[in-house]
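# Notes for the structure review
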Amino acid sequence: MGLTAPESGSVLAIDAGNSKTDVAVVTAAGEVLATARGGGFRPPAVGVAAALDALAEPVGRAFTDAGVTSVSHVSACLANADLPVEEEELATALQARGWGAAVEVRNDTFAILRAGVAEPHGVAVVCGAGINCVGMRPDGRTARFPAIGRISGDWGGGWGLAEEALWFAARAEDGRGEPTALARTLPGHFGLPTMYALIEALHLEHVGHDRRHELTPVLFTTAAEGDAVARSIVARLAEEVTVMATVALTRLDLLDEETPVLLGGSVLTAGHALLDDGIRELLAARAPKADVHVVTASPVLGAALLGLDRLGADGQARERARGHWEG
């Protein structure tokens, strides 16, 4: 028999990224009643109203499958909610949809962090298309960065790594920079003979802009083969990840106690040994009590757990929800 929400206590968990969205309806006891998947959530590109219209489709399917029309609490972890003011604006817009009696919006990096820990305690660094870091304590304190690109001091992420590799490769070929195998491996990925040919293809969009991210794995392969320039880029990313994690630990007064430090996102979960070893070595020196793990759990689990935290659900309910995605 379906819930009659919101009185019965239930969560609509939303993990909305740039490329896909996962939603789930979860009872206060941790039972997952329904899940659904939709497209990307991109308010900067299409506007908030259109982004929420697109989100309504998987939410509607999940509600139908769960036999509910609303929930007690909406726990939404959203891409492009980079600043607190953006979280507030999106929460207001979600509240107007009437999906839940209460709404909490967080940046989607919090979903990855919460998915990887037994309680809301730890730090997560995520490196996918971009790079971000958040931390939280059970008392509600958080640490975060704006993470909106170079203007907020960021370096890294798949797109940034590809551009950095292109920069070094272009200068190597025309003589402004030191030699690097990237000048061969990057154009070779697209079947092109030279960096000049790749520059021309990218500029004239014979190779689409959205394919630049394909060069990030090429960078790591070239680094693994021993190229000094490629290795220096990977080393810089290890440094950036370590700095973000260490600063977040310091802000939360966690540097001197055993604390999970979670690594997520496509770049940090790809198993690049040079990067993984670099991060672990640097963190061992600067944050010796950090317990480093790679997060492989679905981020929508994190959104669900954040919602269950807000409902005051017990440990058994949280484990029941975790078992749905990890069991």
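Residues numbered from 1 in each chain as written. Predicted model: local features only at pLDDT ≥ 70, side-chain atom pairs only at ≥ 80, totals over all residues. Heavy atoms only, no water.

For the protein, the helix and strand inventory stands at 12 helices and 10 strands. On C-alpha atoms alone, the protein measures out to a radius of gyration of 21 Å, which is about the 20 Å that the 2.2 N^0.38 rule sets for 327 residues. The buried share of the protein, taken over its 327 residues, is 51%. When contacts within the protein are restricted to residue pairs at least 6 apart in sequence, long-range pairs at least 24 apart make up 68% of them. (Helix = DSSP H or I, 4+ residues; strand = E, 2+ residues; numbered from the N terminus. Rg over C-alpha atoms; globule rule 2.2 N^0.38 Å. Buried < 20%, exposed > 50% of the residue type's maximum accessible area, 1.4 Å probe, protein only. Contact = heavy atoms within 4.5 Å.)

A few words on the packing of aromatic side chains. As enumerated under the stated definition, the model contains 1 aromatic pair in all. Taking 5.0 Å as the distance between ring centres and 85° as the angle between the ring planes, the aromatic pair formed by Trp167 and Phe168 counts as edge-to-face. The partly exposed category is assigned to Trp167, whose relative accessible area is 46%. Judged by its relative accessible area of 22%, Phe168 is partly exposed. Positioned above the aromatic ring of Phe145 is the side chain of Arg251, whose terminal nitrogen or guanidinium carbon lies 4.6 Å from the ring centre. (Phe/Tyr/Trp six-rings, centres within 6.5 Å; stacked < 30°, edge-to-face > 60°. Lys NZ or Arg CZ within 6 Å of the ring centre and 35° of its normal.)

Another aspect to go through is the nonpolar core. Among the nonpolar cores identified, the biggest contains 52 residues, and Leu182, Leu186, Leu237 and Leu275 are the most heavily contacted of them. Ranked by the residues each element gives to this core, the list is headed by helix H9 (residues 228–251), at 11 residues. Formed by 29 residues, the second largest nonpolar core is a distinct cluster that contains Ala24, Ala111, Ala124 and Ala321. (Core = buried A, V, L, I, M, F, W, Y, C linked by side-chain atoms within 4.5 Å.)

This brings us to a negative patch on the surface. Residues Asp256, Glu257, Glu258 and Asp291 make up a contiguous surface patch of negative charge. Looking at where Asp291 falls in the secondary structure, it is placed in strand S10 (residues 290–294). (Patch = residues over 30% accessible without salt bridge, like charges linked within 9 Å, V, L, I, M, F, W, Y side chains within 5 Å. Areas by Shrake-Rupley, 256 points an atom, 1.4 Å probe, with all protein chains shown as cover. Salt bridge = Lys/Arg side-chain N within 4 Å of Asp/Glu carboxyl O. Lys, Arg positive; Asp, Glu negative; His and termini not counted. Charge placed at Lys NZ, Arg CZ, Asp CG, Glu CD.)

Turning next to the pairing of strand S2 (residues 20–27). For S2, the buried fraction is high: 7 of the 8 residues fall into the buried class. Where strand S1 (residues 10–16) lies against S2, 7 bridges are found, and the strand directions are antiparallel. By the bridge assignment, Leu12 is partnered in S2 with Val25. Between S1 and S2, which pair antiparallel in sequence order, lie 3 residues. Of the pairings in the sheet, the one linking S2 to strand S3 (residues 32–39) comprises 7 bridges and is antiparallel in character. Looking at the pairing, Asp22 lines up with Arg37 of S3. Remark: 4 residues form the turn of the hairpin made by S2 and S3, two consecutive strands paired antiparallel; Gly30 in that turn has positive phi of roughly 90°. (Pairing = 2+ DSSP bridges.)

Let us now look at unusual backbone geometry. We note that Glu205 has phi near 60°; this positive angle belongs to a residue other than glycine. Locating Glu205 in the fold gives a position in the loop between helix H7 (195–203) and helix H8 (215–224). One non-glycine residue, Asp253, lies in positive phi territory at about 55°. You can call Asp253 exposed: its relative accessible area is 52%.

In this section: the pattern of salt bridges. Taken as a whole, this structure holds 15 salt bridges when the rule is applied. Among the ionic pairs, Arg137 bridges to Asp139, the shortest N-O distance being 3.8 Å. One salt-bridge network, held together by shared partners, links Lys20, Asp22 and Arg37.

Time to look at the layout of surface pockets. Each pocket or cavity is described by its volume, and for the largest pocket that value is around 1700 Å³. What lines the largest pocket is a set of 49 residues, and nearest its centre among them are Asn18, Gly128, Ala129, Gly130 and Trp159. Elements represented by at least two residues in the lining of the largest pocket include exactly helix H1 (43–46), helix H4 (109–115), strand S7 (131–136), helix H5 (157–174) and H8. It is H5 that provides the largest number of residues to the lining of the largest pocket, a total of 6 residues. Here the residues of the lining of the largest pocket sort into 19 nonpolar, 21 polar and 9 charged. Of the voids in this model, the second largest pocket is the one considered here, and its volume is about 180 Å³. Taken together, Glu104, Arg106, Pro120, Met136, Arg137, Pro138, Gly140, Arg141, Thr142, Leu306, Asp309 and Arg310 make up the lining of the second largest pocket. Broken down by element, the lining of the second largest pocket gets its largest block of residues, 3 residues, from helix H11 (residues 299–311). A per-class count over the lining of the second largest pocket returns 4 nonpolar, 2 polar and 6 charged. (1 Å grid on protein atoms, 1.4 Å probe; cavity = no way out; pocket = protein on both sides within 12 Å on 5 of 7 lines; lining within 4 Å. Points joined across faces, edges and corners; volume = space filled by probe spheres on them. Nonpolar A, V, L, I, M, F, W, Y, C, P; charged D, E, K, R; others polar.)

We now examine the side chain of Glu104. Looking at the element boundaries, Glu104 is found in strand S5 (residues 100–107). Of note is the side chain of Glu104, whose polar atom sits 2.9 Å from the side chain of Arg310. With residues near it in sequence (within four places) discarded, Glu104 still touches His73, Val74, Ser75, Ala76 and Arg310. (Polar contact = N/O pair within 3.5 Å; in protein donor to acceptor, adjacent residues only side chain to side chain.)

Attention shifts here to the state of the cysteines. One way to say it: the disulfide is the covalent bond shared by the sulfur atoms of two cysteines. This model, assessed by the stated rule, comprises 0 disulfides. Sulfur of Cys77: no disulfide; nearest cysteine sulfur belongs to Cys133 and is 15 Å away. Free of any disulfide, Cys127 has its nearest neighbouring cysteine sulfur in Cys133, separated by 12 Å. For Cys127, a relative accessible area of 0% gives the class buried. (Disulfide = S-S within 2.5 Å.)

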